[in-house]
Amino acid sequence: NEEIITNLDVDFEKKYLVSLNPNLKKLDENRITEYAKDSLINERIKKIEIEKRFEIVPNEALLSKVIGDIYSGIGISSLIDFEKYLLQNNVDIARVKEKISIEIAWNDLIVKTFANEIEIDENAISKRLEKIKDQEIDNLLLSEIIFTVNDKKEFELKSNAIKESINKIGFEETARVYSLSDSKKSGGNLGWIYKNQLSKEIKDELNDINIGDITKPIVTSGGILILKLNDIKIEKVEIDKDAQLKKMIEFERERQFTTFSTLYYKRIYNSAVINEK
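Definitions and limits used
- Residues numbered from 1 in each chain as written.
- Predicted model: local features only at pLDDT ≥ 70, side-chain atom pairs only at ≥ 80, totals over all residues.
- Heavy atoms only, no water.
- Helix = DSSP H or I, 4+ residues; strand = E, 2+ residues; numbered from the N terminus.
- Rg over C-alpha atoms; globule rule 2.2 N^0.38 Å.
- Buried < 20%, exposed > 50% of the residue type's maximum accessible area, 1.4 Å probe, protein only.
- Contact = heavy atoms within 4.5 Å.
- Areas by Shrake-Rupley, 256 points an atom, 1.4 Å probe, with all protein chains shown as cover.
- Axes fitted to C-alpha atoms, helices over the stretch in contact; angles between N-to-C directions.
- Parallel < 35°, antiparallel > 145°, perpendicular 65-115°, else oblique.
- Nonpolar A, V, L, I, M, F, W, Y, C, P; charged D, E, K, R; others polar.
- Patch = residues over 30% accessible without salt bridge, like charges linked within 9 Å, V, L, I, M, F, W, Y side chains within 5 Å.
- Salt bridge = Lys/Arg side-chain N within 4 Å of Asp/Glu carboxyl O.
- Core = buried A, V, L, I, M, F, W, Y, C linked by side-chain atoms within 4.5 Å.
- Phe/Tyr/Trp six-rings, centres within 6.5 Å; stacked < 30°, edge-to-face > 60°.
- Left-handed = near helix turned anticlockwise from the far one by under 90°.

S.K.: What is the right way to look at the overall build of the protein chain in this model?
M.R.: Counting its secondary structure elements, the protein chain contains 10 helices and four strands. Walking the protein chain from its N terminus toward its C terminus, one meets helices and strands in the order α-α-α-α-α-α-β-α-α-β-α-β-β-α. Its C-alpha atoms give the protein chain a radius of gyration of 20 Å, within 12% of the compact-globule value 19 Å for 277 residues. Dimensions of the protein chain, computed from C-alpha atoms along their principal axes, come out at roughly 60 × 45 × 40 Å. The buried share among the 277 residues of the protein chain stands at 43%. By sequence separation, contacts in the protein chain at least 24 residues apart represent 76% of the contacts at least 6 residues apart. Counting every atom, the protein chain has about 15600 Å² of accessible surface; 48% of that belongs to carbon and sulfur.

In structure tokens:
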């Protein structure tokens, strides 16, 4: 779309990605370069779309929180130490803030665009809640990777690349690089989810794997989903109905926003003109 991504941009992106995801060093240089290109294209497409609607103005409070989550996730205890760490890797904190601000603005765009299309059937959720009350049910600790493809050939290529990446650098780091979901910031972590909250198709896939394993790619309305089962605990559910109802409604709202975000990005990506020279 007449925006230029240079080799200098790719070199910076490689340093940025490796700084925030040190396990990427386990990959060969060509793979890291491809990650960097994909990351930059993803970011540039989002930035172009956002700036059609509004100026990207950093939300300092949210920016500080996201940055704190990032450096805590790689074992750094303070912003000052994080800035020193970035400098050692030739990464400018100002560029990091700019990149994170684009992601925050993208989430704002999705909320503003699709807020009126979110449909929550509180009555149906309440009925599901009644069924699991005072029962022993599975509580699952899950992580996700969501990606999209345009055809069968691309599906095979991307699925194989993701599997290879998981084997080399682990699920969390692969989620940070490949996933289109907002959960990628936390390595795809979804937290604890009651099994009954999930669709039958997803439950069936999870029934076929053990703790520590990943599912086969699952085709959903919001893209292709790969789940990792991190842990299971069986709970006797004696719950605060109002609190749990609120939690389930929020889970459904986030799921729908993720679906809209993925489909919206796929549409604008498919209409973009991308040439490599």
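S.K.: Please explain the packing of helix H1 (residues 7-20) against helix H5 (residues 93-114) as it appears in this structure.
M.R.: How two helices sit against one another is set out by the angle between their axes and by the gap between those axes. Between H1 and H5, the shortest axis-to-axis distance is 12 Å and the interhelical angle comes to 90°. Considering the angle they form, H1 stands roughly perpendicular to H5. On the side of H1, the interface is formed by Asp9, Phe12, Glu13 and Tyr16, while H5 contributes Arg95, Val96 and Lys99. When the residues that make up the contact of H1 with H5 are grouped by side-chain class, the tally is three nonpolar, no polar and four charged.

S.K.: What exactly am I supposed to notice about the side chain of Ser159 here?
M.R.: Within the secondary structure, Ser159 sits in helix H7 (residues 152-169). Contacts of Ser159, omitting those with residues within four sequence positions, involve Phe147 and Pro217.

S.K.: What should I look at first to understand a nonpolar patch on the surface in this one?
M.R.: On the surface, a nonpolar cluster with roughly 280 Å² of combined accessible area is contributed by Ile211, Ile232 and Ile234. Mapped onto the elements, Ile211 comes out in the loop between helix H9 (200-207) and strand E3 (218-220). By relative accessible area, Ile211 is classed as partly exposed at 48%.

S.K.: What is the right way to read the nonpolar core from this model?
M.R.: A general tendency of soluble globular proteins is for nonpolar side chains to be buried together. Phe82, Ile100 and Ile145 are the most contacted members of the largest nonpolar core, which totals 37 residues. Looking at which element gives the most residues to this core, the answer is H1, with six residues. If sequence neighbours within four positions are ignored, Ile145 has contacts with Ile162, Ile166, Phe171, Thr174, Ala175, Tyr178, Ser179, Ile224, Leu225 and Ile226.

S.K.: Got a minute to help me understand the packing of aromatic side chains in this structure?
M.R.: To describe a pair of aromatic rings, one takes the distance between the centres and the angle between the planes. Per the counting criterion, the structure on display carries eight aromatic pairs. Measuring from centroid to centroid gives 5.1 Å for Tyr35 and Tyr178, while their planes differ by 90°, and the two rings are edge-to-face. Remark: Tyr178 occurs in helix H8 (residues 171-178) and Tyr35 occurs in helix H2 (residues 29-51); sequence separation between them is 143 residues. For the pair Tyr35 and Tyr178, one class covers both residues: buried. Ring geometry for Phe114 versus Tyr264: centroids 5.6 Å apart, planes at 80°, classification edge-to-face. Placement of Phe114 in helix H5 and of Tyr264 in helix H10 (residues 241-271) is noted, with a sequence separation of 150 residues between them.

S.K.: Is there a simple way to think about unusual backbone geometry in this case?
M.R.: Peptide bonds are, in most cases, trans, and in most cases residues other than glycine have a negative phi. Within the chain, Asn90 stands out as a residue other than glycine whose phi angle is a positive 60°. If you trace the backbone, Asn90 turns up in the loop between helix H4 (79-88) and H5.

S.K.: What am I meant to see in the packing of helix H3 (residues 60-73) against H5 here?
M.R.: Relative orientation of the contacting elements H3 and H5 amounts to 115°, with a least axis distance of 10 Å. Here H5 runs roughly perpendicular to H3, going by the angle between their axes. The crossing of H3 and H5 is right-handed. Contacts between H3 and H5 pair Leu62, Leu63, Val66, Ile67 and Ile70 from the former with Lys97, Ile100, Ser101 and Ile104 from the latter. Grouping the amino acids of the contact of H3 with H5 by side-chain chemistry returns seven nonpolar, one polar and one charged.

S.K.: Can you help me understand the pattern of salt bridges in this one?
M.R.: Oppositely charged side chains are able to pair whenever their charged atoms sit close together. As enumerated under the stated definition, the model contains 17 salt bridges in all. In this structure, Lys195 engages Asp138 in a salt bridge whose closest nitrogen and oxygen atoms are separated by 3.8 Å. Of this pair, Lys195 sits in the loop between strand E2 (189-194) and H9 while Asp138 sits in strand E1 (residues 136-147), placing them 57 residues apart in sequence. With relative accessibility at 17%, the residue Lys195 sits in the buried group.

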